[in-house]
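Below are the chains, spelled out letter by letter.
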Amino acid sequence: MPVRQLPEIIVNRIAAGEVVERPASVVKELVENAIDAGSSRIDIFSDGGGRRKIVIADDGSGMTAADLALAVDRHATSKLDDEDLLQIRTLGFRGEALPSIGAVAKLSITTRHASEPHAWTLRVEGGDKTPIAPAALSQGTRVEVADLFFATPARLKFLKTDRTEAEAIREVVRRLAMARPDIAFTLAGEERAPVTWAAALPGAPGQLIRLGDILGADFRANAIEVRAEREGVVVEGFAASPALTKANALGQYLFVNGRPVRDKLILGAVRAAYSDYLPRDRHPVVALFVTLDSREVDANVHPAKTEVRFRNAGLVRALIVHALKDGLAREGRRTAANSAGSVISTFRPASMPPANWDWRASPSYPVGGSAAPSFAERAQAAFDVGAPSADIRPTEVTPDLLDRPLGAARTQIHETYIVSQTRDGLIVVDQHAAHERIVYERLKASLEANGVQRQILLIPDIVEMDEATVERLVARGEELAKFGLVIESFGPGAVAVRETPSLLGKTDAGGLLRDLAEHMAEWDEALPLERRLMHVAATMACHGSVRAGRVLKPEEMNALLREMEATPNSGQCNHGRPTYVELTLTDIEKLFGRR
């Protein structure tokens, strides 16, 4: 078959396959055009999941008649002052969106520029353009897209249900609304009730208001402001505390120079920053905004402009990790899962008696109005659960301890939980989780300072394992030695432990090595050495901390509380579990109906 030049209409439809993937792609391109036009209000309407109709109206600068006639031609744009593709300061720049949409749908554009006496309108159906004509519009631009993919019916078979496509449109608008809190957005359609996000004030407070409106009140309550700047690169935004997580990474919203992106580099940096706080199967919720010189980032690497490439990727990654870690460390104790709402909902009874309920009308009311002999004693016997593990109520508590963030220890229950009293409430501490974080932070500090101190075993511990596990451990011997764990092969199916970290005290070497071997089996060779070392430290800390079931003396309980107050990130253990929960006196009074 000879080589031939394709007709222009076929070229446009092929190009539309890259730009117009689904109705949400149309909404994205048109809303980006409205933002670039300097709009302060953008209204979005969709019908049939965007397949039947999409309408975008804005109050931006609009277009003149000459610009409108040229706007639907391929590679015609007003967003590039010259041929320098590294000086892109707008969301759109290729000049492909409108002609691509017009090639596969019925496109109608009505616009009015301030210099024009009236508005102008233009229609494009399946690539065929009509002459411009006068129209009525007070300000801005109104774009209507009907019968999407009518010119390419085969594409319709690949669309999802109307509800799914409508949700994709909603997600696109949500991301663009997060990027520009100074613009008011209204999203309406047959599939949903209208939702409006009002324009917010500039700066971090306004940004948090917009993020809270979109991501919910839980995010606003748990949001931690983060910011870092270096060599012209600024990272700012809000990150949720480890108390608020999701089962996937869909709650991570990333923006580069105002453009919503899905960048693997940034996602990896977020994962690294939260690695000390979350379990492996949970993901943080963040909204991060990266701002840098347009010459330092290439936005022209993806047809839909959803990916970017940084000139100095290492700097951007390091800055994101630093900003997140700094914010999380700054709010280390607040990040515990101790919000009053979640704790109260756990305590609250499933059913409450009616407000006008009279206890004297109860079937259990004693005959004759008085309790039977020994009735109360027999009923109360069911609640006899034994004395607390440790009780220091008779001990005089110094007032200054009550003023400390974690208060004064009052008792230990179930040999696992420490109950402490503060000036305005009480705190329940998981002793194992809390001490695990303390030991972990000590190991990290020792590693950064002068190495972890070791203790030589008088008689080496011999741990028997299968040959593959032994090989795996011996191969990582140098990394384990950095944390004071010195091992060597002891035949084909055993390992000799000669030195252990002094911080761990007397530890179960066999259990520790088996846990380390399980974690190492999951490591990828691409995993950085630093992350591998932190995994080792976390496993050692778990084995070297106070175990659940150990009875603590009053002095030990108070010492643990004081160490928690001095330890960074003490709100969670190494596995992301909370180390304590807090109930204020007000919360307790609400539980008992006093407020």
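Since this is a predicted model, take the numbers as computed values, not measurements.

Caption draft 1: Local environment of the overall build of the chain. Across its full length, the chain carries 19 helices and 26 strands. Counting over 595 residues, the chain shows a buried share of 47%. Put simply, 69% of the contacts in the chain that link residues at least 6 apart link residues at least 24 apart. Of the roughly 30200 Å² that the chain leaves accessible, carbon and sulfur atoms contribute 54%.

Caption draft 2: How the structure looks around the nonpolar core. Residues Val31, Ile42, Ile44, Leu107, Val145 and Phe185 are the most contacted members of the largest nonpolar core, which totals 59 residues. Ranked by the residues each element gives to this core, the list is headed by helix H5 (residues 162–179), at eight residues. Counting residues domain by domain, this core receives three or more from each of domain 1 (8–81 + 88–197) and domain 2 (204–331). Not counting residues up to four positions away in its chain, the partners in contact with Val145 are Val26, Leu30, Arg52, Lys53, Ile54, Ile101, Ala105, Lys106 and Leu107. Counting residues in hydrophobic clusters, the runner-up holds 34 residues, among them Ile224, Leu292, Leu319 and Ala323.

Caption draft 3: Region of interest: unusual backbone geometry. Unusually for a residue other than glycine, Glu231 sits at a positive phi of about 50°. Within the secondary structure, Glu231 is located in the loop between strand S10 (223–230) and strand S11 (233–240). Here Glu231 falls in the exposed class, since its relative accessible area comes to 65%. Look at His414: it is not a glycine, yet its phi comes out positive at around 55°.

Caption draft 4: Representation of a nonpolar patch on the surface within the structure. Together, Leu6, Ile10 and Val11 line one region of the surface with nonpolar side chains, adding up to about 200 Å² of accessible area. Counting through the fold element by element, Leu6 comes out in the segment before helix H1 (8–19). The class of Leu6 is partly exposed, set by a relative accessible area of 35%.

Caption draft 5: View of the sheet that holds strand S25 (residues 494–501). Strand order in this open sheet of three strands is S23-S25-S24, and the pairing throughout is antiparallel. One side of each edge strand has no neighbouring strand; the edge strands of this open sheet are strand S23 (454–464) and strand S24 (486–489). Pairwise comparison of adjacent strand axes, ignoring direction, gives a mean angle of 20° for this sheet. As judged from the seven bridges shared by S23 and S25, these two strands associate in the antiparallel manner. Bridge pairing in S25 links Gln455 to Thr500.

Caption draft 6: Quick peek at the packing of helix H2 (residues 23–36) against helix H4 (residues 97–104). Closest axis-to-axis distance for the H2/H4 pair is 10 Å, and the angle between their directions is 140°. Seen along the crossing, H2 lies across H4 with a hand that is left-handed. Contacts between H2 and H4 involve Val26, Glu29, Leu30 and Asn33 from the first element and Ala97, Leu98 and Ile101 from the second. Among the residues forming the contact of H2 with H4, the class breakdown is five nonpolar, one polar and one charged.

Caption draft 7: A look at the side chain of Ser108. Within the fold, Ser108 resides in strand S3 (residues 106–112). Under the relative-accessibility criterion, Ser108 is labelled buried at 14%. Contact partners of Ser108, with chain neighbours within four places excluded, come to Thr121, Leu122, Arg123, Arg142, Val143 and Glu144.

Caption draft 8: Inspection of the packing of helix H8 (residues 264–273) against helix H9 (residues 313–330) at higher detail. Relative orientation of the contacting elements H8 and H9 amounts to 35°, with a least axis distance of 9 Å. Once H8 is placed against H9, the crossing between them reads as right-handed. On H9, the residues touching Leu265, Ile266, Gly268, Ala269, Val270, Ala272 and Ala273 of H8 are Ala313, Arg317, Ile320, Val321, Leu324, Lys325 and Leu328. For the contact of H8 with H9, a count of residues per class yields 11 nonpolar, one polar and two charged.

Caption draft 9: Seen up close, the sheet that holds S10. Spatially, the five strands line up as an open sheet ordered S10-S11-S16-S13-S14, and their pairing is mixed. Every other strand in the sheet has two partners, leaving S10 and strand S14 (259–261) as the edge strands with one partner each. The sheet shows a mean angle of 20° between the axes of neighbouring strands, direction not considered.

Caption draft 10: Representation of the environment of Ala247. On the secondary structure map, Ala247 appears in the loop between strand S12 (245–246) and strand S13 (252–256). Among the residues examined, Ala247 registers a relative accessible area of 56% and is labelled exposed. The spacing of Ala247 and Pro284 is 37 residues in sequence and 8.9 Å in space, taken between C-alpha atoms.

Caption draft 11: Structural context of helix H6 (residues 204–215). Across its 12 residues, H6 extends 16 Å between first and last C-alpha, which sits within 8% of the 16 Å expected from 1.5 Å per residue. Of all the positions in H6, only Gly206, Gln207, Arg210, Leu211, Gly212 and Ile214 are classed as buried. Along its buried surface, H6 packs onto H5, strand S8 (184–189), strand S9 (192–197), helix H7 (217–222), S11 and strand S16 (286–291).

Caption draft 12: Main features of helix H18 (residues 554–566). In a regular helix each residue adds 1.5 Å, so 13 residues correspond to 18 Å; H18 covers 19 Å between its end C-alpha atoms and thus fits that length. Among the residues making up H18, those that are buried are Met557, Asn558, Leu560, Leu561, Arg562, Met564 and Glu565.

Caption draft 13: Main features of the pattern of salt bridges. Overall, the coordinates contain 25 salt bridges when judged by the stated rule. Of the charged contacts, one joins Arg454 and Glu499 as a salt bridge, the two residues approaching to 3.6 Å between their closest N and O atoms. With a gap of 45 residues between them, Arg454 in strand S23 and Glu499 in strand S25 connect regions that are remote in the sequence. Relative accessible area serves as the criterion here: at 17%, Glu499 is assigned to the buried category. By sharing partners, the salt bridges in this structure join Arg41, Asp43 and Asp59 into a single network.

Caption draft 14: Quick look at the environment of Ile56. Residue position: Ile56 is located in strand S2 (residues 53–58). Here Ile56 falls in the buried class, since its relative accessible area comes to 2%. Setting aside residues no more than four positions away along its own chain, Ile56 makes contact with Val27, Leu30, Val31, Ile42, Asp43, Ile44, Thr141, Arg142 and Val143.

Caption draft 15: Spatial organisation of the packing of aromatic side chains. Here the structure, examined in full by the defined rule, presents two aromatic pairs. Where Phe255 meets Phe289, the ring centres are 4.7 Å apart and the plane angle is 10°; that geometry is what we call stacked. Of the two residues, Phe255 sits in strand S13 while Phe289 sits in strand S16, which places them 34 residues apart along the sequence. A ring pair is formed by Tyr274 and Tyr277, whose centres lie 6.5 Å apart and whose planes are at 70°; its orientation type is edge-to-face. The class for Tyr274 is buried, based on a relative accessible area of 2%. The class for Tyr277 is buried, based on a relative accessible area of 3%. For Lys106, the ring lying beneath its charged end belongs to Phe150, and the centroid distance is 5.3 Å.

The rules behind these values
Positions within a chain are numbered from 1, following the residues in the order the chain's sequence is written. Two thresholds apply to this predicted model, a pLDDT of at least 70 for residue-level local features and 80 or more for giving and counting side-chain atom pairs, whereas whole-chain, interface and lining totals are computed over all residues. With hydrogens and water stripped out, all remaining heavy atoms of the structure feed into the side-chain values. Secondary structure elements follow DSSP: runs of H or I of four or more residues count as helices, runs of E of two or more count as strands, with numbering from the N terminus. We call a residue buried when its accessible area falls under 20% of the maximum for its residue type, exposed when it is over 50%, and partly exposed in between, using a 1.4 Å probe and counting protein chains only. What makes two residues a contact is simply this: any of their non-hydrogen atoms within 4.5 Å. In short, Shrake-Rupley with a 1.4 Å probe defines the accessible areas, and a residue's cover is counted only from the protein chains shown. Working definition of a nonpolar core: buried Ala, Val, Leu, Ile, Met, Phe, Trp, Tyr and Cys residues. They are joined through side-chain atoms within 4.5 Å. What marks off one domain from the next here is an automatic or database domain assignment. Any residue with relative accessible area above 30% and no salt bridge may belong to a patch, with like charges joined within 9 Å and the nonpolar Val, Leu, Ile, Met, Phe, Trp and Tyr side chains within 5 Å. A pair is scored as a salt bridge if a Lys or Arg side-chain nitrogen falls within 4 Å of a carboxyl oxygen belonging to Asp or Glu. Each pair of strands is called paired provided DSSP finds at least two bridges between the two strands. As a rule, the C-alpha atoms of each element are fitted with a line to give its axis, helices using only the stretch in contact, and angles between N-to-C directions run from 0 to 180 degrees. In this scheme the handedness of a crossing depends on how the near helix is turned from the far one: anticlockwise by less than a right angle means left-handed, clockwise means right-handed. Just so you know the grouping, Ala, Val, Leu, Ile, Met, Phe, Trp, Tyr, Cys and Pro go in nonpolar, Asp, Glu, Lys and Arg go in charged, and all remaining residues, Gly too, go in polar. For a helix, the expected span equals 1.5 Å multiplied by the residue count minus one. Aromatic contacts are taken between Phe, Tyr and Trp rings whose centres are within 6.5 Å, Trp giving its six-membered ring; a plane angle under 30 degrees counts as stacked, one over 60 as edge-to-face, and the others as tilted. Either the NZ atom of lysine or the CZ atom of arginine qualifies as a charge over a ring when it sits within 6 Å of the ring centre and within 35 degrees of the ring normal.

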